[in-house]
Amino acid sequence: MQNQDLENVSQATLKSVGDPISIENLNEDELRKLVLVNLARLSVKGEWNGLLTAASGGDFNAVVADADLMNSPYNLNRIDCTPPWGMNTGNSGNPSDDEPRFFPFIAPKTGTVDGIVIDIDSAAGSPCNAVLAIYSDEGGLPKTKLGTDATFDATSTGQVEQTSVGTISLTKGSQYWIGYTRSASVSFNFTGGASSYPWSGPTENISSGWTILWLPSGSDNVLPSTITQSDLDPRGYYKISVGLNI
């Protein structure tokens, strides 16, 4: 790790370095240095995973099923339905929109995102792309885009995976956000998430609430690199169905 900046050192890196080291007197110096690097990393990043919470978790230590630990042939993580923000299966006919929308999810495992999967239920009648991205969380709101946009041709229907997403590293139990929009004002439908979700923020009365955030102006057909959080507006739209290969 000697050539890495503290900001770029992750818990996973420390684990890979420290795991082979046995606890004995001969390794005392290496163990001491490992602890020192971790404390320096935590001070720089303001992240205390591994000390105040389980090393594999973040703000929410959800125990979500990991295909790598089971006798399962499936590896697609349906993140619009992970606890605590998702439930049920899905419904068709979720219209696309020009304004970017966002909904939170909890990472089901630690690792790098190899692909993002969506399903187009009703195709666009002229050239248009569905555009998705993953965002970091800051204070319970989306903040910074991780990796690059995942772009999907919306003129065809069916499930499709985009593997050109840049480098996106997720930590199990930590909250992130899905952002999505369309590249032009052309109608098509996503396969959507369920119509029943936990409310994920404040509401004006007991009979209403919201399930997503959106940017009502200033970013039509584009997913910004950084979210100005004061521009976000809550809405009660359906989510879209999204899978991650991690």
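All values derive from a computational prediction rather than experimental measurement.

K.L.:
Now, about the side chain of N38: what can you tell me, with residues and values included?
P.N.:
Mapping N38 onto the fold places it in helix 2 (residues 28-45). Residue N38 is classed as buried on the basis of its relative accessible area, which comes to 16%. Ignoring any residue separated from it by four or fewer positions in sequence, one finds N38 in contact with Q11 and L14.

K.L.:
Provide a residue-level description of the pairing of strand 3 (residues 101-106), including the pertinent values.
P.N.:
In terms of burial, strand 3 is largely enclosed, as 6 of its 6 residues are buried. Residues R101, F103 and F105 line one face of strand 3 and the alternating positions F102, P104 and I106 line the opposite face, and both faces are buried. The sheet contact formed by strand 3 and strand 10 (residues 175-182) spans 6 bridges and is antiparallel. Paired with F105 across the strands is Y176, a residue of strand 10. Pairing of strand 3 with strand 12 (residues 212-214), which is carried by 2 bridges, proceeds in the antiparallel orientation.

K.L.:
Mind laying out unusual backbone geometry, listing which residues take part and the relevant values?
P.N.:
Within the chain, N221 stands out as a residue other than glycine whose phi angle is a positive 65°. Considering the arrangement of structural elements, one finds N221 in the loop between strand 12 and strand 13 (233-235). A relative accessible area of 22% means that N221 is categorised as partly exposed.

K.L.:
Before we move on, can you summarise the sheet that holds strand 3 with the specific residues and values?
P.N.:
Here we have 6 strands laid out as an open sheet, ordered 7-6-10-3-12-13, and antiparallel in their pairing. Edge positions in the sheet fall to strand 7 (141-153) and strand 13, since each has one partner strand and no second. Averaged over neighbouring strand pairs, the angle between their axes works out to 30° when direction is ignored.

Basis of the calculations
- Residues numbered from 1 in each chain as written.
- Predicted model: local features only at pLDDT ≥ 70, side-chain atom pairs only at ≥ 80, totals over all residues.
- Heavy atoms only, no water.
- Helix = DSSP H or I, 4+ residues; strand = E, 2+ residues; numbered from the N terminus.
- Buried < 20%, exposed > 50% of the residue type's maximum accessible area, 1.4 Å probe, protein only.
- Contact = heavy atoms within 4.5 Å.
- Pairing = 2+ DSSP bridges.
- Axes fitted to C-alpha atoms, helices over the stretch in contact; angles between N-to-C directions.

Nothing here speaks to function; it is geometry throughout.
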